[in-house]
Every structure is written in C-alpha cells, then in structure tokens.
Amino acid sequence: MKQTLLYQIPTEAQIRKQLKKIIFGHNVFCPNCRSRNIFKTENRYRCKKCKLPFTLISGTWLKGMKLPLRVFWSLLWCWTQKVPVLQTQKLCGLSEECVRRWFGTFRAQLPAICPNLNGIIQMDEAYFKSLSLVMAKEVGSRKIAHVFVQGNSVTRPDVADFIFQHVKPDSQLNTDGAAIYKGIEGWWPVKHERDIHKKFQFGKTSEIEGMFGCLRTFIRRMYHHVTPEYLPEIVAEFTARFTHPEMFDSPDSYLQKTMRVVPFD
Ligand SMILES: [Zn+2]
C-alpha cells in the first residue's frame, strides 16, 4: 500500500498545475470580479481591477487550507481509494480527528443524488441503533435511492412517502413479506411481488440485500465505527460511490466534479 501511494502522489509543482487547470481552465481569473487582468508573484495572485489578493484555492471549498499540497493529495487519494481511517492516519502522518474531519469535508462536496427508479425495483430496510434506513435499487443498474427514518421502526406512511418520491408509476416493486408493504399496489400504481423469507424465498430481493451487506462492510472497514450523527452522510457517500464510481477513480476525477470558483462573500 505504501509503495502504491508513493507512486500516486505527484510533486507539489505538478499538483499546483493540476489544481490550476481544474479550477480555472486555461486562464486564471479573479474570484471576486472575474477579471483576467491579474499580477502573479510566486504562488499568489492579485487582481489589477479590484486589487484583491488571492491564491489558486481562495475561491473554492479548499480556501484557507493549511495542509501542504502533497499531504492533501495523499489524504484525498486515501479517501477515494477507500483506505481505512487508521491506515490513512499512518500514511499521511495526521491525527484521527484530522483525517475524519477531512473525509467529512470531501463527503460534503459530493453532488446530491435523487434518482427516479423504474422497471424492476427491489426495496428493503436496515436497522441501526436509533435510525432506520429504507433503500431501493433498480435491478440491473447502478441507481439506488434511500431515506433515513428516526427511530428503530419504519411505518407504512414512511414507505409510502419514499415510493411516491422515488418509484415511477407502473414499475414492478419487489419486497420481502413485511407488513408495511402489504397492499402497496393500492396506494401507488406498481406491480408488487414478495419474497417470503420464512419459506426460503430470496431471489426477488437478493440485489438490495446484497447492497445492505456491502454497506455494512464499507462502514466497518473504512470507518470502523460511526456515530448515528454521521451515519446519514456516510450512507450518502456509499451511494455516491456506487452510483458514480468514476468520480472515485483518482483525486483528479473527484476534484474535476467538485471544484468550482465561487464568488467571495
Ligand atoms: Zn478582481
């Protein structure tokens, strides 16, 4: 792992060049007034029009970052490659708190996903200590939708709300035999099929049950433990990784999707 990481991390000058290309394209512009009329000194810039001093990252979510660029790149490489928190601490020489905070920052930049599922859809619930998770997957695709419900049970209205939002009419909905799904075709136009687990029927819900298995493994391996407070964002990270795996190919592909110059406050 260490050797792999070593070869993955570019020099500081290469990272700077890469960031410049991702953030500004061909020409650096002022994050405040967008003027391309700027001075450059060392690694800092100043706008000739509005006089604002800025750096490459001033106008992005990385503004104010204190980490050396190679440490930042290593940290992001670890996160995109699902390197566990503990191992990332050792590889990057950072504290657990620092690694968890940065992983949280990376997670916060992920685009929100609100998919509409259709065709054959499998749906199921998973229970955590004080939260319940409802998840649905379109069979044979990478589209999944989920919602968290407070408490350790899911009611029929919770399920109904979720279906209204994410399941297209005239889809086929496969669930287990849980009572909350009973009569579902009466409130939303779906063809409802059920696996009765007591009768050892699992075929109709095997993909969604597989997803829950992957989710639990992902959380345990990468984060070791997660408090309920962070569970929703970590599940959102999991679904983003599943739905858009190409975003996690490298730090570069992640930054391409998340770096935008936003005007100053
Ligand atoms: Zn300016």
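Preceding block: the structure.
Predicted, not measured: the structure shown is a model, and the values here were computed from it.

Thresholds applied
- Residues numbered from 1 in each chain as written.
- Predicted model: local features only at pLDDT ≥ 70, side-chain atom pairs only at ≥ 80, totals over all residues.
- Heavy atoms only, no water.
- Axes fitted to C-alpha atoms, helices over the stretch in contact; angles between N-to-C directions.
- Helix = DSSP H or I, 4+ residues; strand = E, 2+ residues; numbered from the N terminus.
- Parallel < 35°, antiparallel > 145°, perpendicular 65-115°, else oblique.
- Left-handed = near helix turned anticlockwise from the far one by under 90°.
- Contact = heavy atoms within 4.5 Å.
- Nonpolar A, V, L, I, M, F, W, Y, C, P; charged D, E, K, R; others polar.
- Salt bridge = Lys/Arg side-chain N within 4 Å of Asp/Glu carboxyl O.
- Buried < 20%, exposed > 50% of the residue type's maximum accessible area, 1.4 Å probe, protein only.
- Donors = N, O, S within 2.8 Å, 3.2 Å for Na, K, Ca; no water.
- Tetrahedral: all angles 85-135°; square planar, octahedral: opposite > 155°, others 65-115°.
- Phe/Tyr/Trp six-rings, centres within 6.5 Å; stacked < 30°, edge-to-face > 60°.

### Some details on the packing of helix α2 (residues 12-24) against helix α3 (residues 69-80)
α3 packs onto α2 with a crossing angle of 70 degrees between their chain directions and a minimal axis gap of 9 Å. Considering the angle they form, α2 stands roughly perpendicular to α3. Once α2 is placed against α3, the crossing between them reads as left-handed. Contact residues: E12, I15, R16, Q18 and L19 in α2; L69, R70 and W73 in α3. Classifying every residue of the contact of α2 with α3 by side-chain character gives 4 nonpolar, 1 polar and 3 charged.

### Side note on the environment of K168
Take K168: it is sitting in the loop between α6 (156-166) and β7 (172-176). With 51 residues separating them along the chain, K168 and L117 place their C-alpha atoms 6.0 Å apart. Those residues in contact with K168 that lie beyond four places of it in its chain are N116, L117, N118 and W188.

### Regarding the pattern of salt bridges
Per the counting criterion, the structure on display carries 10 salt bridges. Of the charged contacts, one joins E237 and R107 as a salt bridge, the two residues approaching to 3.0 Å between their closest N and O atoms. Of the two residues, E237 is situated in helix α8 (residues 231-243) and R107 in helix α5 (residues 96-108); the sequence distance between them amounts to 130 residues. On the accessibility criterion, E237 (0% relative accessible area) is buried. With a closest N to O distance of 4.0 Å, E193 and K204 form a salt bridge. One end of the pair, E193, is in strand β8 (residues 191-195); the other, K204, is in the loop between β8 and α7 (206-223), and 11 residues separate them in sequence. K204 sits in the partly exposed class, given a relative accessible area of 30%. The structure contains a network of salt bridges with shared partners spanning R107, E233, E237 and R241.

### Concerning unusual backbone geometry
At K82, a residue that is not glycine, the phi angle is positive and equals roughly 60 degrees. Following the sequence through the fold, K82 ends up in the loop between α3 and α4 (85-92). With relative accessibility at 46%, the residue K82 sits in the partly exposed group.

### Regarding the coordination of the zinc ion
Every protein donor of the zinc ion is listed here as C30 (SG), C33 (SG), C47 (SG) and C50 (SG), and their distances to the metal cover 2.3 Å. Seen from the zinc ion, its 4 donor atoms lie at angles of 101 to 120 degrees, and the figure they make is tetrahedral. In this structure C50 comes out as partly exposed when scored by relative accessible area, which is 30%.

### Digging into the packing of aromatic side chains
Tallying each qualifying case throughout the model produces 16 aromatic pairs. Taken together, a centroid distance of 5.5 Å and an interplanar angle of 55 degrees make the contact between W79 and F248 tilted. Taken as a pair, W79 in helix α3 and F248 in the loop between α8 and α9 (251-258) lie far apart in primary sequence, 169 residues in all. In this structure F248 comes out as buried when scored by relative accessible area, which is 6%. Aromatic pair F218 and F238: ring centres 5.8 Å apart, planes at 45 degrees, arrangement tilted. Here F218 is found in helix α7, whereas its partner F238 is found in helix α8, with 20 residues between them in sequence. The same class applies to F218 as to F238, namely buried.

### Focus on the environment of T217
Assignment of secondary structure puts T217 in helix α7. Between the C-alpha atom of T217 and that of P157, which follows or precedes it by 60 residues, the distance is 30 Å.

Spatial relationships are all this shows, so hold off on functional conclusions.
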